[in-house]
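# Coordinate inspection notes
Listed below are the residues making up each chain.
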Amino acid sequence: MSQRAVLAAGAVAAAAAWLIRRTKQDETRERAGSIAYDTKDELFHAMRKDAITAASREPWMAGILQHIIDARCFEDAVANMLMHKLAYETTNKQEMRRKFREALLEESAACRADAQAVVQRDPAADGVLDVVMYFKGFSAIQGYRIAHRAWEAGERAYALWLQSRCSQQFGVDIHPAAVIGPAVIIDHATGVVIGETAVVGEGCTLLHGVTLGGSGKDHGDRHPKIGKHVLLGAGCSVLGNIRVGDRAKLGAGSIVLKPIPSGATAVGAPAKIVGRVQEENPAGRGWVDAGVTECVWSELTRHAGPTPKNTISYPSFKKLLSSSSVDEAAIGELFFELDGNLDGFITEKEFRENFDKCSDKLCEAMCESSLQCPERRTSIKRHVVGTMHQITPTGSTSPTHRSLESPE
């Protein structure tokens, strides 16, 4: 190689080194000028400490971990990692980081709750550093939160582009118009689809392959509404504008086509209710080992004949409430909650003890129909108890245990 070529190569290398230094200086100056270093952020400092330890233990990872170490706060670290995961070569990375960071600072409570939920509820997470760097379900949710804010602000192209990038990089397709509460986990993440009008409540856990989709027949509001602390097993599909109540549990591979009451466990294709969850939070830590109490549910939809003394069946219960302009799913959910013995009938004792505390959602539905809730509660109580005493008893026999469809 000639001396001129050597000098030229040296000049190119020097220019490249200068450009890298200048870029890093610009990034540091841009970050420092827009956000203060948070000295009281315990979540961030725990993550940063773990990143420094990991970088000293595995020096070849230091360049990647530096994105965490150089951050100013937790949201800045998440924005930095997301930017490096989603940016194209031609992307304005500084502007992308700035927009990500601004959105996550606005969504700070949800972002932090998501990270802490994974640490608390997923046994595979050893700390928040693992979650931010390696858990693509967490990254996909934060990408959605940024896209959702953009969608709400009218930045449709930006929101859809970000949805597309998250789908390409993480295998998770969440429409930016969907509504997702805080502390949600998407475990393993691959193949998860959440539609435009879907709602996912606080504290839910979704495993890989979950679909919250439309039925293919409707337009407008056409996707599921998932309550709080619901567990959706791997490969579960919930289709159509139906409600899944709080603390419900949907088994792996289930296809849910009808509403599921709060606290119910449903499995199968199509999904049938097989019991009531035993734990307070089925979407919490250790969900794989969560138990199920068996129940008889077919009587809710099929039993139209005589009932045991001083009890009422679902068909009779639904008939009494049908004049209240209440959604049929809400009636079925109330019956499920009142049926404490899980035998397909509500006893007078169960009804008198539990109706007031179980009927809040029903009351909300009645209020939405411009009905006076206290008066309607009193009327419902009087008619239900009266019906219990008028039904011809058949003795204390109970039907055999069968798996059942959700109330309809």
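In this text the structure is predicted, and so the values were computed from the model without any measurement. (Residues numbered from 1 in each chain as written. Predicted model: local features only at pLDDT ≥ 70, side-chain atom pairs only at ≥ 80, totals over all residues. Heavy atoms only, no water.)

A separate point is the overall build of the protein. Of the regular secondary structure elements, the protein holds 15 helices and 18 strands. With 408 residues in all, the protein has 48% of them scored as buried. Taking the intrachain contacts of the protein between residues at least 6 apart in sequence as the baseline, contacts between residues at least 24 apart amount to 54%. (Helix = DSSP H or I, 4+ residues; strand = E, 2+ residues; numbered from the N terminus. Buried < 20%, exposed > 50% of the residue type's maximum accessible area, 1.4 Å probe, protein only. Contact = heavy atoms within 4.5 Å.)

Looking at the protein as a whole, the pLDDT averages 80, with 73% of positions reaching at least 70. Here residues 287–301 is modelled with pLDDT under 50, and outside its nearest four sequence neighbours on either side it reaches 67 contacts, counting other chains as well. Every residue in residues 391–408 is under pLDDT 50, and counting partners more than four places away or in other chains gives 60 contacts. (pLDDT = per-residue confidence, 0-100.)

This brings us to helix 11 (residues 314–321). Considered for burial, the residues of helix 11 that qualify are Tyr314, Phe317 and Leu321. One side of helix 11 carries all its buried residues, which in axial view fall inside an arc of 65 degrees. (Arc of directions from axis to C-beta.)

In this section: the sheet that holds strand 5 (residues 199–200). If you trace the 4 strands from one edge of the open sheet to the other, you get 2-5-8-11, paired in parallel fashion. Pairing within the sheet leaves two strands with one partner each, and these edge strands are strand 2 (179–180) and strand 11 (243–244). Where strand 2 lies against strand 5, 2 bridges are found, and the strand directions are parallel. Bridging from a neighbouring strand, Ile180 pairs with Val200 of strand 5. (Pairing = 2+ DSSP bridges.)

Before going further, it helps to examine the environment of Glu107. Structurally, Glu107 can be placed in the loop between helix 5 (93–106) and helix 6 (108–121). Residues in contact with Glu107, not counting those within four places in the same chain, are Arg145 and Arg149. Side-chain polar atoms of Glu107 contact the side chain of Arg149, separated by 3.3 Å. (Polar contact = N/O pair within 3.5 Å; in protein donor to acceptor, adjacent residues only side chain to side chain.)

A few words on the packing of aromatic side chains. One pair of aromatic rings is described through two measures. These are the centre distance and the angle between the planes. For the coordinates displayed, the defined rule picks out 1 aromatic pair. Positioned above the aromatic ring of Tyr88 is the side chain of Arg165, whose terminal nitrogen or guanidinium carbon lies 4.3 Å from the ring centre. (Phe/Tyr/Trp six-rings, centres within 6.5 Å; stacked < 30°, edge-to-face > 60°. Lys NZ or Arg CZ within 6 Å of the ring centre and 35° of its normal.)

In this section: the pattern of salt bridges. This model, assessed by the stated rule, comprises 11 salt bridges. A salt bridge links Arg112 to Asp41; the shortest N-O distance between them is 2.5 Å. With Arg112 in helix 6 and Asp41 in the loop between helix 1 (3–34) and helix 2 (42–57), this pair connects stretches of sequence that are 71 residues apart. Taken individually, Arg112 and Asp41 each receive the classification buried, so the pair is uniform in this respect. Two residues, Glu196 and Arg222, come together in a salt bridge whose shortest N-O distance is 3.0 Å. Residue Glu196 is found in the loop between strand 4 (192–194) and strand 5, and its partner Arg222 is found in the loop between strand 7 (211–213) and strand 8 (225–226); the two are separated by 26 residues along the sequence. Taking the relative accessible area as the measure of exposure, Glu196 reaches 28% and is therefore partly exposed. (Salt bridge = Lys/Arg side-chain N within 4 Å of Asp/Glu carboxyl O.)

The biggest cluster of nonpolar side chains holds 81 residues, and the ones touching the most others in it are Phe74, Phe100, Ile194, Leu206, Leu212, Leu232 and Val238. Broken down by element, this core gets its largest block of residues, 8 residues, from helix 4 (residues 74–86). With sequence-adjacent residues up to four places away left out, Leu212 is seen in contact with Val193, Ile194, Gly195, Ala198, Val200, Leu206, His223, Pro224, Ile226, Leu232 and Val238. The next biggest cluster of nonpolar side chains, apart from the first, holds 16 residues, and it includes Tyr314, Ile331, Cys358 and Val384. (Core = buried A, V, L, I, M, F, W, Y, C linked by side-chain atoms within 4.5 Å.)

All right, on to the pairing of strand 15 (residues 272–277) then. Sheet topology note: the strand 14 (residues 264–267)/strand 15 ladder contains 4 bridges and is antiparallel. Note on strand 15: the bridge partner recorded for Ala264 is Arg276. Adjacent in sequence and paired antiparallel, strand 14 and strand 15 are bridged by 4 residues, among which Gly268 carries a positive phi angle near 105 degrees.

In this fold, Arg156 is placed in helix 9 (residues 156–170). A relative accessible area of 53% places Arg156 in the exposed class. On a C-alpha basis, the gap between Arg156 and Pro176 in space is 9.0 Å, while along the polypeptide they are 20 residues apart.

Moving on, we come to empty space enclosed by the protein. A water-sized probe, rolled over the atoms, reveals where empty space remains. For the coordinates displayed, the defined rule picks out 2 cavities of 30 Å³ or more. Size it by volume and the largest cavity reaches roughly 40 Å³. Elements with a minimum of two residues in the lining of the largest cavity: helix 8 (136–152), helix 9 and strand 1 (172–174). With 3 residues, helix 8 is the single largest residue contributor to the lining of the largest cavity. (1 Å grid on protein atoms, 1.4 Å probe; cavity = no way out; pocket = protein on both sides within 12 Å on 5 of 7 lines; lining within 4 Å. Points joined across faces, edges and corners; volume = space filled by probe spheres on them.)

With that out of the way, let us pick up the packing of helix 6 against helix 8. Running from N to C, helix 6 and helix 8 cross one another at 170 degrees; their axes reach a closest spacing of 10 Å. Between helix 6 and helix 8, the interaxial angle falls into the category roughly antiparallel. Touching Ala110, Cys111, Asp114 and Ala115 of helix 6 are Phe138, Ile141, Gln142 and Arg145, all from helix 8. (Axes fitted to C-alpha atoms, helices over the stretch in contact; angles between N-to-C directions. Parallel < 35°, antiparallel > 145°, perpendicular 65-115°, else oblique.)

Let us now look at the side chain of Asp187. For Asp187, the position within the fold is in the loop between strand 3 (185–186) and strand 4. Put simply, Asp187 is tucked away with no salt bridge, and the nearest opposite charge, on Arg121, sits 9.8 Å away. Within the structure, Asp187 has its side chain in polar contact with the side chain of His188 (distance 3.5 Å). (Lys, Arg positive; Asp, Glu negative; His and termini not counted.)

Below, the discussion takes up the sheet that holds strand 7. Reading across from one edge, 1-4-7-10-13 is the order of the 5 strands in this open sheet, with parallel pairing throughout. Edge positions in the open sheet fall to strand 1 and strand 13 (255–256), since each of these has one partner strand only. Relative to strand 4, strand 1 is paired through 3 bridges, and the arrangement is parallel. Pairing of Ile174 across the sheet is with Ile194, part of strand 4.

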